[in-house]
Amino acid sequence: MNQKNKGLDRVLAWLAFASIAVALYLVFVNAPLEKTMREVQKIFYFHVASAWIGMFSFLVVFICSIIYLNTRDSKWDIFAYTSAEIGVIFTTIVLVTGPIWARPIWNTWWTWDPRLTTTLIMWFLYLAYGRIRSSLGEEEKRARFAAVFGIISFVDVPIVFFAARWWNSMHPVVISGTQVGLAPEMKPAFFFSLAAFTVLYLYMWRTSIKTELLRAEIKTIKDNVLG
Amino acid sequence: MNFLDKVRVLIWKEITSELRAKEMLSSMLVFSLLVVAFFGFALDADNNLVARVFPGILWVTLTFAGILGLNRSFVSERQNDCIHGLMLCPVDRSAIYFAKTVMNLLLMGIVEIVTIPLFFVLFNYSPPVNIGLFIFATFLGTYGFMAVGTFLSALAANTKSSEVLLPILMIPLIVPALICTVQVTKVLFMGDISTLSPGSVDSMWLFLRLLGGYGVIFTVVPVMLFDFLLEV
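Basis of the calculations
Residues numbered from 1 in each chain as written. Chains lettered and ligands numbered in written order. Predicted model: local features only at pLDDT ≥ 70, side-chain atom pairs only at ≥ 80, totals over all residues. Helix = DSSP H or I, 4+ residues; strand = E, 2+ residues; numbered from the N terminus. Rg over C-alpha atoms; globule rule 2.2 N^0.38 Å. Buried ≥ 20, exposed ≤ 12 C-beta atoms within 10 Å, placed from the backbone. Contact = placed C-beta atoms within 7 Å. Nonpolar A, V, L, I, M, F, W, Y, C, P; charged D, E, K, R; others polar. Core = buried A, V, L, I, M, F, W, Y, C linked by C-beta atoms within 7 Å. pLDDT = per-residue confidence, 0-100.

**Student:** Tell me what's going on with the overall build of chain B, and back it up with residues and numbers.
**Tutor:** Within chain B, the regular secondary structure consists of 9 helices and 0 strands. Listing each helix as α and each strand as β along chain B from the N terminus yields α-α-α-α-α-α-α-α-α. For chain B, the C-alpha radius of gyration of 18 Å lies close to 17 Å, the compact-globule estimate for 232 residues. A principal-axis box enclosing the C-alpha atoms of chain B has dimensions of 55 × 35 × 30 Å. Considering chain B as a whole, with its 232 residues, one finds that 41% of them fall into the buried category. For chain B, contacts bridging at least 24 residues in sequence account for 84% of all contacts bridging at least 6.

Pasting the structure below:
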């Protein structure tokens, strides 16, 4: 790691810290209380931001997997699975904050709404992606198989969404007339949360990549010394 | 030899080895029969509720039986390094994939021919009026399962714990196929589609189309990626 990268890491870390602090202020102080949902609605800002990061990191996995299969540069494999790890964490946050909000608002913890179903299946898919990695010893094979699964599961996500949407349309409607856009006063808190989480994602991603690259380096050195 | 001939030869090889070993079909059949009986005990087959969840029970059983068979599909090639022999064949890798898929479809077909009528008997259910459509939907659904399953079975066969890994990989991926097949089956079980409400018939066609789309997508994507799974 050279000095310039270290500087960038530090900037990202402080930027993430500061922007999340500002986002918290905007969410709890600046943004008005929603008329019917009151305080409960506050969870929405971080819930959506986490969902965005979850989706985004899986897109990164998909792209990095394709590049890995084309270049066979282990760097891209590291990019892919560090992103998958973070994606799983944020998707877990989505799946936890969602029911907390849904219980008082929809009067149920869970409904098989297309978005909920898709998120849940996506979460399972990337947990499985992690399982592939941990059940294969050889590095090259692990990277190759994980990349293949990273591609195929991303292709699956939109199909799950469509299937769940049509499936759900046959069920009684639990959700009716919620979320008709966002009040203009809520917009700063909302978009700032999105930005803050994105910075946090970038920082976490870079840190994991750094760790993994160091791990790979240590392994090479070890192999050279022990020969 | 053109592509189809090559696939035919490979399918013949699969059938021959299955006829000699008889390891997949017998266990799949016994398993699915057991699960049918097991659901009977667990759910009180006389209960009215069973009628509503029947398509779900049917497809869960078939999926699990399928996974049981898929577990052996590529693992059996590990013995004596058969997989390397297979890879040395002067054929496109996708021919191997298609041959395995067709073989798994054949096995599942036999399991379905035995299990589905038995389901009707044990749960006191009358077969759907539109039997042709039912068979078509069953075929499309099974194809979706097997196209994805065969591919993942090749992936999982390389790992230490393939029997545990395969269901974990496969079940989330086949969720759309399961939803579609169950929904189509459900509508077909409601009665003759010419007498049903247009809403449910429309939704059935919608799911059938999605199932077809799923089959196409998960034929194209595995074919594109299969080479990467069979590298030395």
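**Student:** Explain the interface of chain B and chain A to me, using residue names and the numbers behind them.
**Tutor:** Listed by partner, the interface residues are 26 residues for chain B and 26 residues for chain A. Looking at the side of chain B that touches chain A, the elements that each hand over two or more residues are helix H7 (162-173), helix H8 (175-190) and helix H9 (198-229) of chain B. The leading source of residues in the side of chain B that touches chain A is H9(B), at 10 residues. Within the side of chain B that touches chain A, the residues separate by chemical class into 19 nonpolar, 5 polar and 2 charged.

**Student:** Tell me about the nonpolar core, residues and numbers included.
**Tutor:** Ranked by size, the top nonpolar core spans 98 residues in total, and within it Leu155(B) and Leu169(B) carry the most contacts. At 15 residues, the largest contribution of residues to this core is made by helix H5 (residues 139-168) of chain A. One finds Ala31(A), Ala189(A), Tyr201(A) and Tyr203(A) within the second-largest nonpolar core, a separate group that totals 24 residues.

**Student:** Talk me through the confidence of the model for chain B; I want residue IDs and the actual numbers.
**Tutor:** On average, chain B scores 87 in pLDDT, and the residues at 70 or more come to 98%. Least confident of the elements in chain B is helix H4 (residues 82-88) of chain B, whose mean pLDDT is 83; most confident is helix H6 (residues 131-156) of chain B, at 93.

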